[in-house]
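Chain and residue survey
Take a look at the letters that make up each chain.
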Amino acid sequence: MSRVISVLSGKGGVGKTTLVSNLGVALAQEGKNVAILDANLTGANLGLHFGLLSYPVSIHDVMNDDALLTDAMYKHPSGVDIIPASLSIEHIDAEPRNLRNSIDEFLGDKDFVLIDAATGLDRETLNAIDMSDEALIVTHPELPTISDALRTKTITEKKGKNVIGIVLNRVNRKDELNRDNVSSFFELPVIGAVPDNPVVRKSIEAKSPVVLSYPKHRVSQEIRRVSSHILGKRHIQEDNGGIVSRLLAMFRW
Ligand SMILES: Nc1ncnc2c1ncn2[C@@H]1O[C@H](COP(=O)(O)OP(=O)(O)OP(=O)(O)O)[C@@H](O)[C@H]1O
Ligand SMILES: [Mg+2]
């Protein structure tokens, strides 16, 4: 059975789509069968992160009962299956629909289905939460963003979903809040702290996730830390020459 994980936040623009695209590829690189689904019906852009610009069928058609989930699925060379939402203005008032039955029926062979949610706590987001069993919460390490994210965490848990942990994004040295502060605020583990770095924007512009364009970069390392956590693996801090990993392997850590 697939693990269906929604990626949520409180505020918008904090890095949900960036995390979904990179985590999807990182899990595929671990040999997992992964689909990523754009549930941001009014602000679709997941496909764009992969250069998927035009597509005949989208999640909107599935929600309208005009297509099956598998008709709206596009394979990326990384192995990830992308289920994009429509970019067309005609679809802007689409009704969100819980596609969980279709996910179970048509994506049952996937190890992971990652759902890129909309911002806030309106019906689009609540629907994304309803479709999933588990959730990740993305936030910047600043109080107003964290406080909004806390509301999302509370509602997600009230709906009986397991919130796996917090992914801090756009972290930099000047932040006043550290991982421990954030972790105790949410009473959840911080499972990744992605640095604020221009490679993220460059990769979006190049339509290729950071883990593909800059696999050794610290941003990619943190994304892999998140994927290791989800897979229940211990993450070994990488270094450019791979010395630490080789030493650890030698001593069978
Ligand atoms: N770690 C990072 N370092 C630098 N820039 C980043 C980082 N993460 C995200 N960004 C920038 O923030 C922008 C917004 O990210 P993204 O689209 O992933 O957020 P989102 O939460 O999905 O937004 P929305 O709520 O609109 O769906 C990106 O286009 C990118 O330019
Ligand atoms: Mg987004």
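Residues numbered from 1 in each chain as written. Chains lettered and ligands numbered in written order. Predicted model: local features only at pLDDT ≥ 70, side-chain atom pairs only at ≥ 80, totals over all residues. Heavy atoms only, no water.

**Some words on the overall build of the chain**
Check the secondary structure of the chain and you find 10 helices and eight strands. Computed over the C-alpha atoms, the radius of gyration of the chain is 18 Å, within 12% of the 18 Å expected from 2.2 N^0.38 for a compact globule of 253 residues. Along the first, second and third principal axes, the C-alpha atoms of the chain reach 55 × 40 × 35 Å. Partitioning the intrachain contacts of the chain with sequence separation of at least 6 by distance along the chain shows that 75% fall at a separation of at least 24. Carbon together with sulfur atoms contributes 51% to the accessible area of the chain, which is approximately 11,900 Å² in total. With 29 positive and 32 negative side-chain charges, the chain shows a spacing of 9 Å between the two charge centroids. (Helix = DSSP H or I, 4+ residues; strand = E, 2+ residues; numbered from the N terminus. Rg over C-alpha atoms; globule rule 2.2 N^0.38 Å. Contact = heavy atoms within 4.5 Å. Areas by Shrake-Rupley, 256 points an atom, 1.4 Å probe, with all protein chains shown as cover. Lys, Arg positive; Asp, Glu negative; His and termini not counted. Charge placed at Lys NZ, Arg CZ, Asp CG, Glu CD.)

**A closer look at the sheet that holds strand S1 (residues 3–8)**
The strands that make up a sheet are held in pairs by hydrogen bonds between backbone atoms, and each pair lies either parallel or antiparallel. Read from one edge to the other, the open sheet built from eight strands follows the order S3-S4-S2-S5-S1-S6-S7-S8, with strand pairing classed as mixed. The strands lining the two open edges of the sheet, one partner per strand, are strand S3 (74–75) and strand S8 (190–195). In the sheet, strand S6 (residues 134–139) pairs with strand S7 (residues 162–171) via six bridges, with the strands oriented parallel. Looking at the pairing, Thr139 lines up with Leu168 of S7. Set on the sheet, helix H4 (residues 123–131) makes contact with S1 and strand S5 (112–116); between it and S1 the angle comes to about 155°. On top of the sheet, helix H6 (residues 179–186) reaches S6, S7 and S8; it is set at about 135° to S8, its chief contact. (Pairing = 2+ DSSP bridges. Axes fitted to C-alpha atoms, helices over the stretch in contact; angles between N-to-C directions.)

**A short note on the site of ligand 1**
Every one of the 18 residues lining ligand 1 counts as a neighbour, but Lys16, Thr17, Thr18, Thr119 and Pro195 are closest to it. In the model, a nitrogen atom of ligand 1 is placed 2.9 Å from a nitrogen or oxygen of the Pro195 main chain. For ligand 1, whose accessible area on its own is 640 Å², the fraction buried by protein is 82%. A breakdown of the residues in the shell around ligand 1 according to their chemical character gives five nonpolar, nine polar and four charged. (Near = heavy atom within 4 Å. Polar contact = N/O pair within 3.5 Å; in protein donor to acceptor, adjacent residues only side chain to side chain. Nonpolar A, V, L, I, M, F, W, Y, C, P; charged D, E, K, R; others polar.)

**Considering the pattern of salt bridges**
In the structure shown here, the tally under the stated rule is 15 salt bridges. Note that Asp81 is salt-bridged to Lys110, the shortest N-O span being 2.7 Å. With Asp81 in strand S4 (residues 81–83) and Lys110 in the loop between helix H3 (100–106) and S5, this residue pair connects regions lying 29 residues apart in the sequence. In this pair, the class of Asp81 matches that of Lys110, namely buried. When salt bridges that share partners are traced, they join Lys11, Asp148 and Arg151 into one network. (Salt bridge = Lys/Arg side-chain N within 4 Å of Asp/Glu carboxyl O. Buried < 20%, exposed > 50% of the residue type's maximum accessible area, 1.4 Å probe, protein only.)

**Points about the pairing of strand S2 (residues 34–38)**
Across the five residues that make up S2, a large majority, five, are buried. Burial along S2 is two-sided: Val34, Ile36 and Asp38 facing one way and Ala35 and Leu37 facing the other are all buried. Sheet topology note: the S2/S5 ladder contains five bridges and is parallel. Note on S5: the bridge partner recorded for Ala35 is Val113. When S2 meets S4, the two strands line up parallel, connected through three bridges. Of the residues in S4, the one forming a bridge with Leu37 is Ile83.

**Quick look at the confidence of the model for the chain**
Mean pLDDT over the chain: 92, with 92% of residues reaching 70 or higher. Counted against residues more than four places away or in other chains, residues 248–253, with its pLDDT under 50, gives three contacts. (pLDDT = per-residue confidence, 0-100.)

**A few points about the packing of helix H5 (residues 143–158) against H6**
Interaxial distance between H5 and H6 falls to 10 Å at its minimum, and their mutual angle equals 35°. The chirality of how H5 crosses H6 is right-handed. Residue-level inspection shows Leu143, Ile146, Ala149, Leu150 and Lys153 of H5 in contact with H6, the latter providing Val182, Phe185 and Phe186. Looking at side-chain class alone, the contact of H5 with H6 contains seven nonpolar, no polar and one charged residues. (Left-handed = near helix turned anticlockwise from the far one by under 90°.)

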